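Summary of structural features
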Amino acid sequence: MSTLEVRNLVKDFKVRGGLRRSTLRAVNGVSFTLEAGRTVAVVGESGSGKSTVARMIAQLETPTEGQILLDGAPIGRRGRALAAYRHQVQMVFQDPFASLNPYHVVEHHLTRPLKIHGVARGKEVRPAVHALLERVNLTPPELYAAKRPHEMSGGQRQRIAIARALAPGARFLVADEPVSMLDVSIRLGVLNLLARLQREENLGVLYITHDLATARHFSDEIVVMYRGDVVEQGPSDEVILDPQHDYTKTLLAAAPEPSRHGRLRGEVRAELAGQAAAGYEVYPATW
Amino acid sequence: MTDRPRLTLRLAGHGKLVVGLAIVAAIALFAIVGPMLTQNPRSSDNPALLPPQPGHWLGTTSLGYDVLAQLAEGARGSLLVGVVAGSLAIVLSLVFGVVAGYTRGWADEGLSLITNVMLVIPGLPLMIVVASYLQVRSLWVVALILGATAWPGSAIVLRFQARSLRNRDYVSAARVAGERTPRILLVEILPNLLPLLTAQFLFAVVLAILGEAGLSYLGLGPNGSITWGTMLNEAQGGSALTRGAWWWFIPPGLLIAVLGCALSLVNFSIDEVINPRLRQAPAAARSVRKARKAGLDITAYDGGDGPAAVPAVGVSAPLGDEPREKVQA
Ligand SMILES: Nc1ncnc2c1ncn2[C@@H]1O[C@H](COP(=O)(O)OP(=O)(O)O)[C@@H](O)[C@H]1O
Ligand SMILES: [Mg+2]
């Protein structure tokens, strides 16, 4: 059974404000374990450190403290060990308008990981690209392979980003708010696609979101973060049905029910504004 | 690009670019073909100071050289200096700008330091000192001097640009995919700098041609070669102005000015054509204009916060952040 475990992750950023230098603790002691076939959700408002956790796991940032263990062994940070890690752990970014290179066609974005990780060579590459596109429901694949990012909608771009993350044949997937930049009406479609791919590949998924409702629906365990700290952590149903921490309750009250996915922004804003009085600042910034 | 028809279609909407390219092409053609059709530019067998006439369409100099022949040979020299110096400047500014911008640590610090030092050393005096120090200056040496002093400005622009591109999600995504640094620089970042690089290259070419003319005018140009600059220098030495031999100094001066203007015209309009996100912009703008004429109220293309009625049209952002709109799936 393969596992990806993070232990007590801490990240400090140096920030320069005017002449003074200070450090900002973006993540303060986060621990959880990802297992094949299971989903852990990290939930929290904007600025609570979720993306920083994701970027540390994707080895885009180095943790200030703490450890990341793949199958029980500390991960390698350079050279072959890093390449081997990237083969196992992939990431989908939040903003599909920024995560695809505007200069390159879709085929380039999918060909590279296939070649880098030796998944396909020579004549196998093009069929492999087409197969990936079909798996994320972009058909006919020939049409999409030739497109540039700006010729596609947000949902289509995010499907490309998901296909790219699948290309190396990873066992773990970090999805950083994969639908928050998408139109409300298509969010569920992309999430269901992710869930289907997870089942097919038996992936361990880290699902980052600010939306407790989808976190409950799609994940087994929930980690609630607030300003870098983990305020609550446990099996999804327990966290949702019996929240212990005030901040979780606030988030919960602000979260839309799955049946109310199509609500207007204004309603949510108003609701969140009311919740803010409860003592926590809740920014509906990612809506 | 393989898609020729689309290229011509794209050029159709760009008057400035077409005019600029046409002039540059005409001058380049003159440089290539001209010397074959004119007499030997170094033959002084002609009568001195002939005004323009059949046989000597641009007259002759005080030493009996044919001005048209010298102009054609000089076009070769000036363009060669411009292109060589421009290329060298771009290569140097890529190394000192893009590499410094993308990497962190000692490579960044070292390259930035050299750039900053080069930037504060004034270019023209340095060129004059180096050029006067060298007794024998071939065309190539002059081009190298010009190129080696022309890069720090663009290197700094490229450094900031690369620094901003380094933090783009698509660069992070390439790293997560396992791409190595050299390939990220060449394949993921460089193409997005292409509009900027083209502009800088053309600017460096203009600057080098003007710089060569300046050095030659001061008598510090290439020895033994003919350029528009050495022609001006000789015209000055031969008192062309006081003798009223306008045909001697006006053609090279005019060609320098015209080439400079044409390259600048290309420069101003190149971004729209190269930038993939702006490619559809002219067509979309036209359709918006048409719709306006038809009395429809369309606010999208004005770059306000209005609804994105025209999909995938970047609100012109040549260098800065990517345009972002929420697009319905
Ligand atoms: N590279 C960085 N340098 C300085 N501060 C950063 C950096 N990245 C993130 N931060 C800060 O860390 C905090 C957490 O950010 P982030 O992880 O993006 O939160 P989230 O994804 O939950 O919105 C924020 O206050 C943010 O400003
Ligand atoms: Mg985030």
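Residues numbered from 1 in each chain as written. Chains lettered and ligands numbered in written order. Predicted model: local features only at pLDDT ≥ 70, side-chain atom pairs only at ≥ 80, totals over all residues. Heavy atoms only, no water.

Quick word on the sheet that holds strand 4 (residues 65-70) of chain A
- Spatially, four strands are ordered 2-1-4-5 (chain A) in an open sheet, and the strand pairing comes out antiparallel. For this open sheet the edge positions go to strand 2 (20-35) and strand 5 (73-74) of chain A, each flanked by a neighbour on one side alone. (Pairing = 2+ DSSP bridges. Helix = DSSP H or I, 4+ residues; strand = E, 2+ residues; numbered from the N terminus.)

Quick word on helix 10 (residues 228-237) of chain B
All names here are of chain B.
- All buried positions along helix 10 are accounted for by Trp 228, Gly 229, Thr 230, Met 231, Leu 232 and Ala 235.
- With a side-chain oxygen positioned 3.1 Å from the backbone nitrogen of Gly 229, the residue opening helix 10 is Thr 227.
- Remark: Ser 239 follows helix 10 within two positions and exhibits a positive phi of approximately 50 degrees. (Buried < 20%, exposed > 50% of the residue type's maximum accessible area, 1.4 Å probe, protein only. Polar contact = N/O pair within 3.5 Å; in protein donor to acceptor, adjacent residues only side chain to side chain.)

Here we look at the site of ligand 1
Residues and elements named next belong to chain A.
- Every residue near ligand 1 is listed here: Phe 13, Leu 24, Ala 26, Glu 45, Ser 46, Gly 47, Ser 48, Gly 49, Lys 50, Ser 51 and Thr 52.
- Lys 50 is positioned such that a nitrogen or oxygen atom in its side chain is 2.9 Å from an oxygen atom of ligand 1.
- Expressed as a share of its isolated accessible area of 560 Å², the protein-covered part of ligand 1 is 63%.
- Every element with two or more residues in the shell around ligand 1 is listed here: strand 2 and helix 1 (50-57).
- Among the elements that line the shell around ligand 1, the one with the most residues is helix 1, at three residues. (Near = heavy atom within 4 Å. Areas by Shrake-Rupley, 256 points an atom, 1.4 Å probe, with all protein chains shown as cover.)

Let's talk about unusual backbone geometry
All names here are of chain A.
- A cis amide bond, omega -5 degrees, links Thr 139 with the succeeding residue Pro 140.
- Mapped onto the elements, Pro 140 comes out in the loop between helix 4 (125-135) and helix 5 (141-145).
- Located in the positive-phi region is Glu 177, a residue other than glycine, with phi close to 40 degrees.
- Turning to its location among the elements, Glu 177 is positioned in the loop between strand 7 (172-176) and helix 7 (184-201).
- On the basis of relative accessibility, which here comes to 5%, the residue Glu 177 falls in the buried class.

Comments concerning the sheet that holds strand 8 (residues 204-209) of chain A
Residue and element names in this part refer to chain A.
- Pairing is mixed across the open sheet formed by six strands, whose spatial order is 6-7-8-3-9-10. Either end of the sheet is taken by a strand with one partner, and the two such strands are strand 6 (89-92) and strand 10 (229-235). Mean inter-strand twist for the sheet, computed between neighbouring axes without regard to direction, equals 15 degrees.
- Here strand 3 (residues 39-43) pairs with strand 9 (residues 221-226) via four bridges, running parallel. Note that in strand 9 the partner of Val 43 across the bridge is Val 224. (Axes fitted to C-alpha atoms, helices over the stretch in contact; angles between N-to-C directions.)

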